[in-house]
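Listed here are the chains, written in short residue letters.
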Amino acid sequence: MQTSINPATGDILREYKLHSPAQVREAIEAAHRCFLQWRETTLGERSQWLLKVADTLLAKKNDYASLMAQEMGKPLKEAIAEIEKCAACAKYFAENGPHFLADHAIETEYRKSYAAFRPLGVILGVMPWNFPFWQVFRFVLPSLMAGNVALLKHASNTPGCALAIEAVFRDAGLPEGAFQALLIPGSRVEEVIAHPQVAAVTLTGSTAAGRSVASLAGKYLKKSVLELGGSDAYLILADADIDHAVKTCAASRLLNCGQSCISAKRLIVVPEVREQFERGLLDTFRQQRLGDPFDAQTTVGPMSRIDLRDELHTQVRRSIDAGARCLIGGDIPSGKGAFYPPTILTDVKKGMPAYEEELFGPVAVIIPAKDEEDAIRIANDTEYGLGGAIFTRDLVRGEIIARERIESGSCFVNMLVRSDPRLPFGGVKHSGYGRELSAFGIHEFVNIKSIVVA
Ligand code: NAP
């Protein structure tokens, strides 16, 4: 069984029967049958399908948003924005996919030579609950555009979202088998990866899950892309606009109750601006409203599960026991639900969980740096390398630090890191490999085929 639990109340929403091994095999075979037809469709036809997907999403955006709010606690207005982002991504790949996938001419001495981008087949996506629509659409839309078909193994706490997404593709009129959700736990992913008709796998999730899926992909020699955890460093330099830095860091850290891979997880501050930054952040955190995701006044909803809330609290307490100072929050509120208050830890140092580990919740971690060089050193002193940001009024210096010095898949100057269909998204180090979105993402799951006519 997979059980949907409302994290704001602890109430069971619904139970879903798992798919049996035979049902999983049937789904893979149906996906492969669909692929044999889907790959024959033209890029123009696929663009039209993607536009229908966008319309279908927008037509029922409030229903999908409510489902997310119920199943994983995302405030309703954030959930609506997530659906709109999925629809915009569908339009982006509908408009740009044909250009990204056009033959790429290569000059040689032959009559004709070029690279063609041919589909691979059935792609499995193993996805997390934190952006339960966005994470799925950002892998599926370019995959379908490239002529592949998709299977989804969603997180075990969001089966309702998994089936709702399946219905989006059905309602948009895509052929049967183009997109199917498999209700199976992580422990059964091997059944799918091992199947000869599955060509590739992409996982978005924790580093531990990434290791496991990468080893299965290695065992069965399947192409893989991994989007894993992060502990993004936001550097607040001496000449930063502190009001802007405070606002941006707070927004990044508290979006989705802090449960984002590219959240501002480590705020590294130089001595000249530390006091002002800390004071500003504290004021901003004091103004937050923790509560019911359906209440329009709520800025921070519950976390998605009680066990994850308790794990976060243990990381916070262990950091405080090791010498971190808690400026606000840090206690589990009484009452039902997986709530955790917006929390600020400061004086965080190497060796503390708040320095070494990913904190996946509404906890801002301030790490004091001696100077700018020390801030850059601390930013890279992590196993992760997903995103990062630099706050400075010197845009040239900011860009050099972002480009040359920070070990991450993206680094933004004076703004929060966000995913954008136009930009490649992914990590280095233990944050994974491969890229999603943009022209780079659509080329992950294609056969880049050299064609020569002598
Ligand atoms: P998770 O526990 O790794 O779960 C993610 C998905 O992987 C779920 O579908 C889960 O299935 C599955 N899974 C877990 N262990 C597995 C295993 N050993 N083999 C195969 N599949 C397995 O992660 P989460 O707690 O849901 O999400 C939080 C993590 O994801 C954070 O570390 C966050 O930074 C990362 N994340 C990264 C990105 C990115 O783009 N880089 C985006 C969002 C989140 P079950 O639910 O059935 O266990």
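Residues numbered from 1 in each chain as written. Predicted model: local features only at pLDDT ≥ 70, side-chain atom pairs only at ≥ 80, totals over all residues. Heavy atoms only, no water.

A short note on the overall build of the chain
Moving on, step 1. Along its length, the chain carries 15 helices and 18 strands.
Moving on, step 2. Scaling as 2.2 N^0.38, a compact globule of 454 residues should have a C-alpha radius of gyration of about 22 Å, and the chain matches this with 22 Å.
Moving on, step 3. Projected onto its principal axes, the C-alpha coordinates of the chain cover approximately 65 × 60 × 40 Å.
Moving on, step 4. Buried positions account for 57% of the 454 residues belonging to the chain.
Moving on, step 5. Nonlocal contacts in the chain, meaning residues at least 24 apart in sequence, comprise 72% of its contacts between residues at least 6 apart.
Moving on, step 6. Here the chain contributes 51 positively and 54 negatively charged side chains, and the mean placements of these two sets differ by 3 Å. (Helix = DSSP H or I, 4+ residues; strand = E, 2+ residues; numbered from the N terminus. Rg over C-alpha atoms; globule rule 2.2 N^0.38 Å. Buried < 20%, exposed > 50% of the residue type's maximum accessible area, 1.4 Å probe, protein only. Contact = heavy atoms within 4.5 Å. Lys, Arg positive; Asp, Glu negative; His and termini not counted. Charge placed at Lys NZ, Arg CZ, Asp CG, Glu CD.)

Description of the site of the ligand
Moving on, step 1. Around the ligand there are 30 residues in total, and Trp129, Arg138, Ser156, Ser206 and Glu358 lie nearest to it.
Moving on, step 2. One nitrogen or oxygen atom from the main chain of Gly205 is found 3.3 Å from an oxygen atom belonging to the ligand.
Moving on, step 3. Between Glu227 and the ligand, the recorded distance is 3.5 Å, taken from a backbone N or O atom to a nitrogen atom.
Moving on, step 4. Taking 900 Å² as the accessible area of the ligand by itself, protein coverage stands at 84%.
Moving on, step 5. Looking at the shell around the ligand, the elements that each hand over two or more residues are α5 (134–145), β8 (198–204) and α8 (207–219).
Moving on, step 6. A per-element tally of the shell around the ligand places α8 first, with 3 residues.
Moving on, step 7. The residue makeup of the shell around the ligand, split by class, is 15 nonpolar, 11 polar and 4 charged.
Moving on, step 8. In terms of domain composition, the shell around the ligand takes at least three residues from each of domain 1 (2–228 + 429–453) and domain 2 (233–413). (Near = heavy atom within 4 Å. Polar contact = N/O pair within 3.5 Å; in protein donor to acceptor, adjacent residues only side chain to side chain. Areas by Shrake-Rupley, 256 points an atom, 1.4 Å probe, with all protein chains shown as cover. Nonpolar A, V, L, I, M, F, W, Y, C, P; charged D, E, K, R; others polar. Domains from an automatic or database assignment.)

Observations regarding helix α3 (residues 61–72)
Moving on, step 1. Taking 1.5 Å of rise per residue, 12 residues should cover 16 Å, and α3 covers 16 Å from first to last C-alpha, within 8% of that figure.
Moving on, step 2. Those residues of α3 that are buried lie in contact with β1 (2–5), β2 (12–16), α2 (43–59), α4 (76–100) and α6 (159–171). (Expected span 1.5 Å × (residues − 1).)

Looking at helix α13 (residues 372–380)
Moving on, step 1. Among all positions in α13, only Asp374, Ala375, Ile376, Ile378, Ala379 and Asn380 are buried.
Moving on, step 2. Contacts made by the buried residues of α13 are with β10 (233–236), β11 (266–269), α12 (353–356), β14 (363–368) and α14 (395–405).
Moving on, step 3. A side-chain oxygen of the first residue of α13 lies 3.2 Å from the backbone nitrogen of Glu373; this N-cap is Asp371.

Quick notes on the nonpolar core
Moving on, step 1. Phe133 and Phe277 are the most contacted members of the largest nonpolar core, which totals 144 residues.
Moving on, step 2. Looking at this core, the element that brings in the most residues is α4, giving 10 residues.
Moving on, step 3. Split by domain, the residues of this core number at least three in each of domain 1 (2–228 + 429–453) and domain 2 (233–413).
Moving on, step 4. Apart from residues no more than four positions distant in its own chain, Phe133 is found in contact with Leu57, Tyr64, Met68, Glu82, Ile83, Cys86, Cys161, Ala164 and Ile165. (Core = buried A, V, L, I, M, F, W, Y, C linked by side-chain atoms within 4.5 Å.)

Concerning the domain arrangement of the chain
Moving on, step 1. In terms of domain boundaries, the chain breaks down into domain 1 (2–228 + 429–453) and domain 2 (233–413).
Moving on, step 2. The straight-line distance from the C-alpha centre of domain 1 to that of domain 2 is 30 Å.
Moving on, step 3. Contacts between domain 1 and domain 2 engage 23 residues on the former and 29 residues on the latter.
Moving on, step 4. Of the roughly 2,300 Å² buried at the junction of domain 1 and domain 2 (both faces included), carbon and sulfur atoms supply 53%.
Moving on, step 5. In this assembly, domain 1 and domain 2 are joined by 1 salt bridge.
Moving on, step 6. Here Lys429 and Glu407 are joined by a salt bridge, their closest N and O atoms 2.8 Å apart.
Moving on, step 7. Linking domain 1 to domain 2 there are 14 residue pairs in polar contact (both at pLDDT 80 or more).
Moving on, step 8. Taken together, the elements giving at least two residues each to the side of domain 1 that touches domain 2 come down to α3 and α4.
Moving on, step 9. Looking at the side of domain 1 that touches domain 2 element by element, the count peaks at 4 residues for α3. (Buried area = accessible area lost by both parts, 1.4 Å probe. Salt bridge = Lys/Arg side-chain N within 4 Å of Asp/Glu carboxyl O.)

A few points about the sheet that holds strand β3 (residues 104–105)
Moving on, step 1. With respect to topology, 3 strands assemble into an open sheet ordered β3-β4-β18, the strand pairing being antiparallel. Looking at strand neighbours, the two that pair on one side only are β3 and β18 (446–453), the edges of this open sheet.
Moving on, step 2. Judged from the 2 bridges that link them, β3 and strand β4 (residues 112–119) form a sheet pairing that is antiparallel. Paired with Ala105 across the strands is Tyr114, a residue of β4. (Pairing = 2+ DSSP bridges.)

Points about the environment of Leu308
Moving on, step 1. Looking at where Leu308 falls in the secondary structure, it is placed in helix α11 (residues 306–321).
Moving on, step 2. In this structure the C-alpha to C-alpha distance between Leu308 and Glu436, which are 128 residues apart in sequence, comes to 26 Å.
Moving on, step 3. Ignoring any residue separated from it by four or fewer positions in sequence, one finds Leu308 in contact with Trp129 and Met303.

Section: unusual backbone geometry
Moving on, step 1. For Cys257, which is not glycine, the phi torsion reads 55 degrees and is therefore positive.
Moving on, step 2. With phi around 60 degrees, Asn414 is a residue other than glycine that occupies positive phi space.
Moving on, step 3. Looking at the secondary structure, you find Asn414 in the loop between β16 (412–413) and β17 (432–433).
Moving on, step 4. The class of Asn414 is partly exposed, set by a relative accessible area of 23%.

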